[in-house]
Amino acid sequence: MSAGELIPDLVSTIIPVHDRPAPLAEAVASVLEQDHRPIEILIVDDGSRDPATPDLIRQLEWEHPGVVFGFRQANAGPGRARETGRRAARGAFLQYLDSDDVLLPGKFSCQVAALRREPEAQVAYGITFVRDHQGRLNATPQRATGKD
């Protein structure tokens, strides 16, 4: 990957991770299931000590060439990992996603459409739902950034 001009329709998802292979697999799957294309997924391994996390990143790169890109850095925290991903991102749209979170279906298409309708807008927020330990969504939104 090389830095250059941003790709207009591309959504770049940046996922910092540290020793979390199982949640990472679910987070990446939720991005791959989005109906908007094109996408790229930038996974930044923030100094994982377990072998499973780097192995999973390599596997995802192999299974999704040109879509999933892995990076590794010495442990410096999620903020630094996000910045590593941002610097490599090629998309005009950025999505930050923690490795233990998932995206709801249609998120990208909804937010990209909203940003295209309002070209002066710099950011689009969504509602956050919490899942229980069985993976079921609580139907009541927990947080809505930007709402009173």
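Look up: the structure comes first, before these words.
A few points on the structure. (Residues numbered from 1 in each chain as written. Predicted model: local features only at pLDDT ≥ 70, side-chain atom pairs only at ≥ 80, totals over all residues. Heavy atoms only, no water.)

**Details of the packing of helix α1 (residues 21-32) against helix α2 (residues 52-63)**
Applied cut-off: To define axes, lines are fitted to C-alpha atoms, for helices over the stretch in contact only, and angles between the resulting N-to-C directions are given on a 0 to 180 degree scale. Counting from the N terminus, the helices are DSSP H or I runs at least four residues long and the strands are E runs at least two residues long. What sets the label is the angle itself: under 35 degrees gives roughly parallel, over 145 gives roughly antiparallel, 65 to 115 gives roughly perpendicular, and the rest give oblique. Crossing chirality is assigned from the near helix's rotation relative to the far helix, an anticlockwise turn below a right angle marking it left-handed and a clockwise turn marking it right-handed. Working rule for contacts: check all heavy atoms of both residues, and any pair within 4.5 Å makes them a contact. Any residue outside Ala, Val, Leu, Ile, Met, Phe, Trp, Tyr, Cys, Pro, Asp, Glu, Lys and Arg is labelled polar, Gly included; the first ten of those are nonpolar and the last four are charged.
One can describe the packing of α1 onto α2 by two numbers: an axis separation of 9 Å at closest approach and a directional angle of 25 degrees. Comparing the axis directions of α1 and α2 gives the class roughly parallel. Along this stretch, α1 crosses α2, giving a crossing that reads as right-handed. Along the contact surface, α1 presents P21, L24, A25 and V28, while α2 presents A52, T53, L56, I57 and L60. In the contact of α1 with α2, the residues fall into eight nonpolar, one polar and no charged.

**Examining unusual backbone geometry**
Omega for the peptide link from R37 to P38 comes to 10 degrees, which places this bond in the cis form. Looking at where P38 falls in the secondary structure, it is placed in the loop between α1 and β2 (39-46). Here the phi dihedral of D19 falls at roughly 55 degrees; this positive angle occurs in a residue that is not glycine. The residue D19 is located in the loop between β1 (7-17) and α1 in this model.

**A look at the pairing of β2**
How we decide: Each residue is placed in one exposure class: buried if its accessible area under a 1.4 Å probe, protein chains only, is under 20% of its type's maximum, exposed if it is over 50%, and partly exposed if it falls in between. Paired strands are those between which DSSP finds at least two bridges. Call a crossover right-handed when, viewed with both strands pointing away from you, the route from the first strand across the helix to the second goes clockwise.
Of all eight residues that make up β2, eight are buried, and the element is covered over most of its length. With burial as the criterion, each face of β2 is covered, one bearing I39, I41, I43 and D45 and the other bearing E40, L42, V44 and D46. Where β1 lies against β2, seven bridges are found, and the strand directions are parallel. Bridging across to β2, I14 finds its partner in L42. The parallel pair β1 and β2, bridged by α1, forms a crossover whose chirality is right-handed. Two strands pair when backbone bridges link them, and β2 and strand β3 (residues 68-73) are joined in this way by six bridges, in the parallel orientation. Looking at β3, one finds that I41 is bridged to V68. A crossover connection joins β2 to the parallel β3 through α2; in handedness this β-α-β unit is right-handed.

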